[in-house]
Amino acid sequence: MATFAKPENALKRAGELINVGQHLDALMALHSLITSRRYRAWQKPLENIMFKYVELCVVLRKGRFAKDGLIQYRIVCQQVNVNSLEEVIKHFMHLATEKAETARNQAQALDEALDVEDLEADKRPEDLMLSYVSGEKGKDRSDRELVTPWFKFLWETYRTVLEILRNNSKLEALYAMTAHRAFQFCKQYKRTTEFRRLCEIIRNHLANLNKYRDQRDRPDLSAPESLQLYLDTRFEQLKIATELELWQEAFRSVEDIHALMCMVKKTPKASLMVIYYAKLTEIFWISGSHLYHAYAWLKLFSLQKSFNKNLSQKDLQMIASSVVLAALSVVPFDHTHGASHAELENDKERNLRMANLINFNLDPKLDNREMLSRSALLSELVSKGVMSCATPEVKDLFHVLEHEFLPLDIAARVQPLLGKISKLGGKLAIASSLPEVQLSKYLPSLEKLATLRLLQQVSQVYQTITIESLSRMIPFFDFSVVEKISVDAVKHNFITMKVDHMKGAVLFGSVDLESDTLRGHLAVVAEGLNKAWAMIYPSVKKSSKIADILPGLGDMVEKEHLKLLARKTLIEKRKEEQERQLLEMEREEESKRLKLQKITEEAEKARLISEVEQRKRERILRDIQQREIEEAQALLQEAEKRTKKKGKKPILEGEKVTKEILMEMQRTEQEKEKQEMEKKLQKLAKQMDHLERAKREEAAPLIEAAYQQRLVEEKIIHEREQEKEVELSRQRHEGDLQEKNRMSRMLESKRVFEQQVIHRRQAEYDRLRQEKDEHVRQILQERKQERELKRKMLFFLKTEEERLRKQQEEEEARKREEAERKKKEEAERKAKLDQIAEKQRQREREAEEKERLRRESLLGRSTEPFSRSSEPLGNAQPVPAVVAPAATPAPGKYVPRHLRQQPAEGLAPPPEPDRWSGGRRDDRPGTDRWRNDNSRSFGSGSRDDRRPPGGSGSGSGSGSTWSSSRNSSRVS
């Protein structure tokens, strides 16, 4: 595939291929980019590429490519931007679900379209033959070809996502969401096989999570958020298993939840535990484990009573009644009676396991019968107050079956109570997580319990009772059912009884009714009775004929013959029944044997498969070892050839030849070769040293002679060259003298020309200098004018601000005076009003006093006490209200500062201070060219060089027309 410089180029190329219909080529281009090692750093274009990649995978149904791409993308963005991986996976699942729903909507018969046992299984040979042989495809087959592939792809999508997210702590929520969606998929389309496989996948993920605890991004189950997500997933699994009626998988889910709780050693919330025990009740009831079913109901009752504060009294009665009836449904005898030691140990282990699931703490050292039993459960019901919360019908039923002794009336007492209980039940109002409580499902077990109690109590009263009487006493079942129940009870030593069908009687007790002692005793009694009969009724004469002695003998023989025939027929029927039962037993045994054989064959098949796998692994290991040995031998032979050795090192036959041994041998040979080479090099270096020393000793005199000869030759050459140089110097000097004499004639002209050039350049320099000075003076003058204008403008702005500030102060002072004046006027007005009100009250009191005196005089009462009592009132003078005099106005209104001192007797006002100086020090640098260098601050009394010598007066006395006009306008 072609490589791309940028990821955007690959996306563009894929779009071009898609436009021309080459979806597979586009997928391969994106796949090569994603799996390339060049793009291991996450960037935003990679996310867009992944969106397009998963879209192509969904369109082409390439699940393997999608898995590879998502794994590579997880490696890229795991530590940088894991949210991008989450968005890509959500988009992938959304597309797969949308395609599956579209295919489902196109199919008209969904049940026929999904009539496939396993979505992961390939087509069978017979299906392929049918598809090729059949000319016309049926509608169900076309639907299957349309819908089933998309549902297979959707199932593969869920498996892929779960596999990618199984050990990622940053995407636990997405893992839980995917598991929930997979569960809903199995529930919606009744996919039992996929549901079992999905449960096994999640179970293996958790096992691997606990097995490999040193992974970097492993989820921490001790964290509350992670634990809650895993528990929610397991409880959803438990709900779907019960809804699909996969009770074995539901029980395994319960074990998974219990193992998870034991692993983190934390108890989930009460709402989740309610669901846990509710599902346990269903599982145990379906499996026929009524004792564990009752214990689960007891735990459920305790949870609801303790944590559900909104539970109504009616719902509490229904739950308590369910607990009591579940406990009564347990058979009252011990199933372990007469069992072997191995069976007892298995039952004990099973009880411990179930007790752990129900969260009952049991001591494994106790006897099996003391762990989980019906009697212990009933005592707990009484001690924990469950009986007090049950309905009256359930209480009465419990009392009749467990405490009362009514051998003849127990059925009559129980039957109406069972009729009332069968009408109770329904959905609970508050506890929505609980299953629908139906008490009618306990009726068969309660009827069986009532039958056992009746047989037990009748056995204590009677030794023999007829079958008809016993059948009338038990209205629940036929006698055949009663007989089966009694057989089970006798087997477990609950009662002792026998059924005699010949006599139509039921015998209770342990006495052997057919013993020789009892038979002889009856014979003696019969013989004595015959003797007594002969003594009472003696015979008159002996009959000579049998007919005279026994006149009804023929009829009796006929009757006996008919009885014998009937007995023979009955015996034949019983034999046939026994043979039929034997055949059924043989069939059951055969079916059990076949099942066991099938299980054995499957186990053998699994063993053979495991052995094949083991042999395959061993063969692969042998191949790897052989390949390693061959490689090592090849390396050794190559090294031997390189070192020119004719034979290789022999290996002992008893020695185990491995790659490590051969590599060690090769390293040893290389070390030896290296040492030998170093020795050779040292020897060669020594020889070269001696040879070089001998050469130099021989060459030393020859070199010296050659050197002396070279000195003589070079001296001769030097003298010859020296003479040539002297001659050449003499010739050059003479030529130079001649050239000097020739050029001396132009010396005066050169001097004149030089003076002319200098004068002309000086004049040009002076002209440029004057122009530059003039330009500088102009610039300085302009800058001085600009500074003057700016300074005047600043002074104008400051004076204007000062004027506005003073004007604002005058306005505020005027407003304050006006407010004070209004306050004083209001106080005077209130004082006058108070004075008037006081005078009015005084007049009213005087009028009341006069009226009171007039009334007393009319009634003839004495007025002295009243006059004395009213004397203070008469003498009391009203205290006038102290009215604050009006504030005398000020000598004048508020006068501005510049108008407060008016000139007396027509004198002119005093001159104002110089507004230019204002007592402020000029902080500007003294380097301005428009000021004198010796200027001082205006506050020191000196004058500005810009003002006339007339002083710093105001108004007309100012030398500045602009400032004078401003001051005069402000004064006016």
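Residues numbered from 1 in each chain as written. Predicted model: local features only at pLDDT ≥ 70, side-chain atom pairs only at ≥ 80, totals over all residues. Heavy atoms only, no water.

### Quick notes on the overall build of the protein
Logical step 1: The helix and strand inventory of the protein stands at 30 helices and 5 strands.
Logical step 2: Within the span of the protein, comprising 972 residues, buried residues form 29% of the whole.
Logical step 3: Partitioning the contacts of the protein with sequence separation of at least 6, the portion at a separation of at least 24 is 71%.
Logical step 4: When the accessible area of the protein is evaluated, it comes to approximately 66800 Å², of which 53% is carbon and sulfur surface. (Helix = DSSP H or I, 4+ residues; strand = E, 2+ residues; numbered from the N terminus. Buried < 20%, exposed > 50% of the residue type's maximum accessible area, 1.4 Å probe, protein only. Contact = heavy atoms within 4.5 Å. Areas by Shrake-Rupley, 256 points an atom, 1.4 Å probe, with all protein chains shown as cover.)

### Notes on the packing of aromatic side chains
Logical step 1: In the structure shown here, the tally under the stated rule is 12 aromatic pairs.
Logical step 2: Measuring from ring centre to ring centre gives 5.8 Å for F183 and F195, while their planes differ by 55°; the resulting arrangement is tilted. Placement of F183 in helix α9 (residues 172-188) and of F195 in helix α10 (residues 192-211) is noted, with a sequence separation of 12 residues between them.
Logical step 3: Taking relative accessible area as the criterion, F195 reaches 0% and is therefore assigned buried.
Logical step 4: Three or more aromatic residues link up through ring pairs in this structure, and these residues are F151, Y158, F185 and Y189.
Logical step 5: Sitting above the plane of the W285 ring, K441 keeps its charged end 5.3 Å from the centroid. (Phe/Tyr/Trp six-rings, centres within 6.5 Å; stacked < 30°, edge-to-face > 60°. Lys NZ or Arg CZ within 6 Å of the ring centre and 35° of its normal.)

### Let's talk about the packing of helix α5 (residues 82-106) against α9
Logical step 1: With their axes 11 Å apart at the nearest point, α5 and α9 run at an angle of 10° to one another. It follows from the interaxial angle that α5 and α9 lie roughly parallel. In this structure, α5 contributes E86, I89, K90, M93, T97 and E101 to the contact, and α9 contributes L174, M177, T178, R181 and Q188.
Logical step 2: Grouping the amino acids of the contact of α5 with α9 by side-chain chemistry returns 4 nonpolar, 3 polar and 4 charged. (Axes fitted to C-alpha atoms, helices over the stretch in contact; angles between N-to-C directions. Parallel < 35°, antiparallel > 145°, perpendicular 65-115°, else oblique. Nonpolar A, V, L, I, M, F, W, Y, C, P; charged D, E, K, R; others polar.)

### Details of unusual backbone geometry
Logical step 1: Although it is not a glycine, R61 sits at a positive phi angle of roughly 55°.
Logical step 2: Examined against the element boundaries, R61 turns out to sit in the loop between α3 (44-60) and α4 (63-77).
Logical step 3: Looking at R61, the relative accessible area reads 38%, which means it is partly exposed.

### Describing the sheet that holds strand β5 (residues 505-508)
Logical step 1: Read across the sheet, 3 strands follow the order β3-β5-β4 without closing on themselves; strand pairing throughout is antiparallel. The sheet is open, and its two borders are formed by β3 (464-466) and β4 (497-500), each paired with just one other strand. Averaged over all pairs of adjacent strands, the angle between strand axes in this sheet comes to 20°, irrespective of strand direction.
Logical step 2: Relative to β5, β3 is paired through 3 bridges, and the arrangement is antiparallel. Opposite I465, over in β5, you have V506 as the bridge partner. (Pairing = 2+ DSSP bridges.)

### Re the pairing of β4
Logical step 1: Summarising the sheet, β4 and β5 pair through 4 bridges and their orientation is antiparallel. If you follow K498 over to β5, its bridge partner there is L507.
Logical step 2: Between the end of β4 and the start of β5, which pair antiparallel, lie 4 residues, with G504 showing a positive phi angle near 70°.

### Focus: the side chain of E47
Logical step 1: One can find E47 in helix α3.
Logical step 2: Among all residues touching E47, those that are not within four sequence positions of it are W42, Y73, S84, E87 and V88.

### Regarding helix α11 (residues 224-243)
Logical step 1: Between its first and last C-alpha, α11 extends 28 Å over 20 residues, near the 28 Å set by a 1.5 Å rise per residue.
Logical step 2: Backbone geometry just after α11 places E245 at a positive phi near 60°. (Expected span 1.5 Å × (residues − 1).)

### A closer look at the environment of E243
Logical step 1: Summarising the element assignment, E243 is placed in helix α11.
Logical step 2: E243 sits 56 residues away from K187 along the chain, and the two C-alpha atoms are 7.8 Å apart.

### Some thoughts on a nonpolar patch on the surface
Logical step 1: Residues F405, L408, V461 and Y462 make up a contiguous nonpolar surface patch of roughly 360 Å² in combined accessible area.
Logical step 2: With respect to the helices, strands and loops of the structure, Y462 is situated in the loop between α21 (443-461) and β3.
Logical step 3: Its relative accessible area of 32% is what places Y462 among the partly exposed residues. (Patch = residues over 30% accessible without salt bridge, like charges linked within 9 Å, V, L, I, M, F, W, Y side chains within 5 Å. Salt bridge = Lys/Arg side-chain N within 4 Å of Asp/Glu carboxyl O.)

### Let's talk about the pattern of salt bridges
Opposite charge on two side chains makes pairing possible when the charged atoms of those side chains draw close.
Logical step 1: Inspection of every chain in the model, using the stated rule, returns 46 salt bridges.
Logical step 2: As a salt-bridge pair, E774 and R777 come within 2.4 Å of each other at their nearest N and O atoms. One end of the pair is E774 and the other is R777, both in helix α28 (residues 747-859) and 3 residues apart, which spans about a single turn.
Logical step 3: What makes R777 partly exposed here is its relative accessible area of 49%.
Logical step 4: Across the pair R852 and E849 runs a salt bridge, and its minimum N-O distance is 2.2 Å. Taken together, the residues span about one helical turn, with R852 and E849 both in helix α28 at a distance of 3 residues.

### Focus: helix α12 (residues 247-264)
Logical step 1: Helix length check: α12 (18 residues) gives 26 Å between terminal C-alpha atoms against 26 Å at 1.5 Å per residue, within 8%.
Logical step 2: For α12, every residue scored as buried is listed here: E249, A250, F251, S253, V254, D256, I257, H258, L260, M261 and V264.
Logical step 3: Where α12 ends, the next residue or the one after it, K265, has phi of about 55°, a positive value.

### Some words on the environment of L397
Logical step 1: With respect to the helices and strands, the residue L397 is situated in helix α19 (residues 392-402).
Logical step 2: Look at L397 and you get buried, because its relative accessible area is 0%.
Logical step 3: Measuring from C-alpha to C-alpha, the distance between L397 and L418 comes to 8.0 Å, with 21 residues separating the pair along the chain.

### A short note on the packing of helix α2 (residues 23-34) against α4
Logical step 1: Following both chains from N to C, one finds α2 and α4 inclined at 30°, their axes separated by 10 Å at the closest point. The angle between α2 and α4 falls in the class roughly parallel. Where α2 crosses over α4, the handedness of that crossing is left-handed. Contacts between α2 and α4 pair L27, M28, H31 and I34 from the former with F65, D68, G69 and Q72 from the latter.
Logical step 2: Looking at the contact of α2 with α4, its residues break down into 4 nonpolar, 3 polar and 1 charged. (Left-handed = near helix turned anticlockwise from the far one by under 90°.)

### Examining the confidence of the model for the protein
Logical step 1: Here the protein averages 76 in pLDDT, while 74% of its residues score no lower than 70.
Logical step 2: Confidence scores differ between elements of the protein, with helix α30 (residues 961-971) showing the lowest mean pLDDT of 40 and α28 the highest of 93.
Logical step 3: In the model, residues 645-655 has pLDDT below 50 throughout and makes 12 contacts with residues more than four positions away in sequence or in other chains.
Logical step 4: Below a pLDDT of 50 lies the segment residues 862-892, which in the model reaches 15 contacts outside its immediate sequence neighbourhood of four places, other chains included. (pLDDT = per-residue confidence, 0-100.)

### Structural notes on the side chain of R453
Logical step 1: Note on placement: R453 falls in helix α21.
Logical step 2: Setting aside residues no more than four positions away along its own chain, R453 makes contact with P332, R374, L401, E402, I410 and F494.

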